[in-house]
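The primary structure of each chain is shown beneath.
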Amino acid sequence: MADFQPATETAPLLRVEHLRVSYQSFESAAVPALRDIDLTIAPGEMVGLVGESGAGKTTLARSIMGLVPRPGRIDSGRIEFRGQVMAELPDEERRAILGRHLAMVIPNPRSELNPVLTVGQQISNVVRAHSKLGAAEARQTALRMLEAVRIPDPGRRLNAYPHELSGGMAQRVVIAVALACEPSFVISDDATSGLDVTVQAQVLELLQDMVRSRGASALFITRDIAITAHFCDRIAIIYAGEIVEIADTAAFFDRPAHPYSIMLLAAFSHSGDLRRRWTRTEIAVNGSAAGCAFAPRCVRRQPRCEAEHPALRTTHSGHAVRCHFPVEG
Ligand SMILES: Nc1ncnc2c1ncn2[C@@H]1O[C@H](COP(=O)(O)OP(=O)(O)OP(=O)(O)O)[C@@H](O)[C@H]1O
Ligand code: SF4
Ligand SMILES: [Mg+2]
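Per chain, residue numbering runs from 1 following the sequence as it is written. Key to labels: chains lettered from A, ligands numbered from 1, both in the order written. In view of the model being predicted, local features appear only for residues whose pLDDT reaches at least 70, and side-chain atom pairs are presented and counted only at 80 or more, with totals across whole chains, interfaces and linings using the full set of residues. As a rule here, side-chain values come from all non-hydrogen atoms in the structure, and water together with hydrogens is ignored.

**Regarding unusual backbone geometry**
Backbone torsion omega between Arg70 and Pro71 reads 5 degrees, so that peptide bond is classified as cis. Of note, Asp36 is a non-glycine position whose phi angle comes to about 60 degrees, a positive value. Structurally, the position occupied by Asp36 is in strand β2 (residues 31–41). Residues other than glycine seldom take positive phi values, yet Glu182 does so here, at roughly 50 degrees. Strands are runs of DSSP state E lasting at least two residues, helices are runs of H or I lasting at least four, and both sets are numbered from the N terminus onward.

Next comes the structure, spelled out in structure tokens:
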């Protein structure tokens, strides 16, 4: 049971239960990418999902969209969005939900934009596909969105083609396209990390505004734990396909309890160099299904850690932590 999450008064917008996803292979055994993920997100909540490369962040994002890429497969579990199981919906219904209610922004703007349409046309098309607005109103919305993502000289950029934009500007256009329909749930998969720090903060403020003022929700995926402190209500730490800690932001930064969270924060509180090294770290995972996946890197490891897989359980400070010997007090 997902009994470790604080109860919310409103029904969750997103509910992920016991989700297991693996990538199949002809040459070797299936690679588990997500192992028993439980996560709920309420309307008006912005949750940060932090973990290093290969932890399973994109796989979770795509599973939520109902689009696990081949050769990936949902082995078990359930994902409900607005009370509906996305994977069970006919393609057409799922497509109608994606874009209008559930939008995902990814960090490769060139692949997202149509090279033969202007920026204004692309945003207007999306707006018109999901609303009853006429051409002039949709163009006004497009202009407003370009202003919101702080594109310089937005009136002129409406008529620009993607190849005329810098990478950072193209990224902001992709974000503008995703937010133009005011979706109720936005997944940002590492989508702001290429932007300079000031623009990144502005885009996140925009996302936060949307969440706060319209009761929308967001899952903000990143490898940079520092940025989550200012914008997210809760932080979930994912390691080797498992959520190892989840807590309210203030409580998390005040007293991180999982040894991996502490390692993560220690790395980020030091130099930029350490930070770059951390984001490149190859994951050393405990291959045995029995023990704790983090055991090979853990300074608090004890014999029990190798033998028994830790369950996610609530500590006295209200964090949910997957560890036999969390750092408490
Ligand atoms: N198409 C694929 N085929 C086989 N294995 C895959 C595929 N995509 C992902 N994986 C594996 O699934 C695991 C999770 O990958 P995923 O892309 O979800 O990680 P991530 O947290 O998004 O990493 P990053 O921060 O680098 O984007 C990794 O072990 C990865 O090697
Ligand atoms: S269960 Fe053991 S090895 Fe795993 S994080 Fe906790 S102390 Fe470390
Ligand atoms: Mg990813």
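**Observations regarding the packing of helix α7 (residues 167–180) against helix α8 (residues 197–214)**
Between α7 and α8, the least distance of the axes is 12 Å, while the angle of their chain directions is 0 degrees. If you check the angle between α7 and α8, you find them roughly parallel. Residues Arg172, Ile175 and Leu179 of α7 touch α8, and the partners they reach there are Val199, Val203, Leu206, Leu207 and Met210. By residue class, the composition of the contact of α7 with α8 is 7 nonpolar, no polar and 1 charged. Whenever a helix is involved, its axis is fitted only over the stretch in contact; in every case the axis is a line through C-alpha atoms, and angles between N-to-C directions fall within 0 to 180 degrees. Orientation categories follow fixed angle ranges, with anything under 35 degrees roughly parallel, anything over 145 roughly antiparallel, 65 to 115 roughly perpendicular, and all other angles oblique. The contact rule is simple, with two residues in contact once any of their heavy atoms fall within 4.5 Å. As a working rule, the residues Ala, Val, Leu, Ile, Met, Phe, Trp, Tyr, Cys and Pro are called nonpolar, Asp, Glu, Lys and Arg charged, and the rest polar, with Gly in that last group.

**Some words on the domain arrangement of the chain**
The source of the domain bounds is an automatic or database domain assignment. Each assigned domain of the chain is listed here: domain 1 (14–101 + 183–322) and domain 2 (102–182). The gap between the C-alpha centroids of domain 1 and domain 2 is 28 Å. With 30 residues of domain 1 at the interface, the matching set in domain 2 holds 18 residues. Take the accessible area each of two parts loses on contact, using a 1.4 Å probe, and add the two losses: that sum is the buried area. Area buried by domain 1 at its contact with domain 2 is led by Arg100, Ala191 and Leu206, which between them contribute 24% of it. Salt bridges, as used here, are contacts in which a Lys or Arg side-chain nitrogen is within 4 Å of a carboxyl oxygen on Asp or Glu. Seen at the junction of domain 1 and domain 2, the total is 0 salt bridges. Polar contacts, as counted here, are pairs of nitrogen or oxygen atoms within 3.5 Å of one another; within protein the pair requires one atom able to donate a hydrogen and one able to accept it, and residues that are adjacent in sequence qualify only if both atoms are side-chain atoms. Seen at the junction of domain 1 and domain 2, the total is 7 residue pairs in polar contact (both at pLDDT 80 or more). Sorting the residues of the side of domain 1 that touches domain 2 by element identifies α1 (57–64), α2 (91–100), β7 (185–189) and α8 as the ones contributing at least two each.

**Observations regarding the pairing of β7**
Only protein chains enter the area calculation, which uses a 1.4 Å probe; residues under 20% of their type maximum are buried, those over 50% are exposed, and those in between are partly exposed. Burial within β7 is extensive, with 5 of its 5 residues counted as buried. Along β7, one buried face is formed by Phe185, Ile187 and Asp189 and the opposite face, lined by Val186 and Ser188, is buried too. Strand pairing is assigned whenever DSSP identifies at least 2 bridges connecting the two strands. Pairing geometry for strand β6 (residues 102–105) and β7, over 4 bridges, is parallel. By the bridge assignment, Ala103 is partnered in β7 with Val186. Pairing analysis gives 5 bridges linking β7 to strand β8 (residues 217–222), with the strands arranged parallel. Paired with Ser188 across the two strands is Phe220, which belongs to β8.

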